[in-house]
Amino acid sequence: MNNPIGQTRWAIAEGYIPAYSNGPEPQFTSHETACLLNTSDQDAHVEITIYFSDREPIGPYRITVPARRTKHLRFNDLTDPEPIPRDTDYASVIESDVPIVVQHTRLDSRQSENALLSTIAYASSH
């Protein structure tokens, strides 16, 4: 077995999906993405919980990242147990049964001059 990199708990404290976009879909649809990297020899079973400032959390959303693969997961596409509301601030906690690496990316295309941001998520060792 290889020596996987990453952690099993991650947090993205900043999240926001604009309600509208500018440009062709799906390439220019405003979105939040969690880029999940699994370098281990085992599939990663991932659960995502979404937190809000004014309501109870929703989740878990369950995703599998196959062994030695990456998955770019648009938060816009999460629907079970319910879609993430647009135009609403949120945060997410990502938990995996094997170590993974998580990077957060946002495309905001509400205007024709698009903005893209990307940052590594916060990794928790507990």
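Everything below is about the structure shown above.
Residues numbered from 1 in each chain as written. Predicted model: local features only at pLDDT ≥ 70, side-chain atom pairs only at ≥ 80, totals over all residues. Heavy atoms only, no water.

J.: Would you take a moment to explain the overall build of the chain for this structure?
T.: On a plain count of helices and strands, the chain comes out with zero helices and eight strands. Residues classed as buried in the chain amount to 38% of the 126 residues present. Across the chain, contacts joining residues at least 24 apart in sequence account for 71% of those joining residues at least 6 apart. Carbon and sulfur atoms form 49% of the exposed surface of the chain, whose accessible area is close to 7,100 Å². (Helix = DSSP H or I, 4+ residues; strand = E, 2+ residues; numbered from the N terminus. Buried < 20%, exposed > 50% of the residue type's maximum accessible area, 1.4 Å probe, protein only. Contact = heavy atoms within 4.5 Å. Areas by Shrake-Rupley, 256 points an atom, 1.4 Å probe, with all protein chains shown as cover.)

J.: What is the right way to look at the environment of Thr33 in this model?
T.: The residue Thr33 is located in strand β2 (residues 31-38) in this model. Here Thr33 falls in the buried class, since its relative accessible area comes to 6%. Along the chain, Thr33 and Asp77 lie 44 residues apart, while their C-alpha atoms are 9.6 Å from each other. If we skip the residues at most four places from it in the chain, Thr33 touches His72, Leu73, Arg74, Phe75, Gln103, His104 and Thr105.

J.: Help me out: how do you make sense of the nonpolar core in this one?
T.: Most often, soluble globular proteins keep nonpolar side chains buried together rather than apart. In this structure, Ile48, Ile50, Phe75 and Ile94 are the most contacted members of the largest nonpolar core, which totals 23 residues. For this core, the secondary-structure elements that each account for two or more residues are β1 (7-15), β2, β3 (44-51), β4 (58-65) and β6 (90-108). (Core = buried A, V, L, I, M, F, W, Y, C linked by side-chain atoms within 4.5 Å.)

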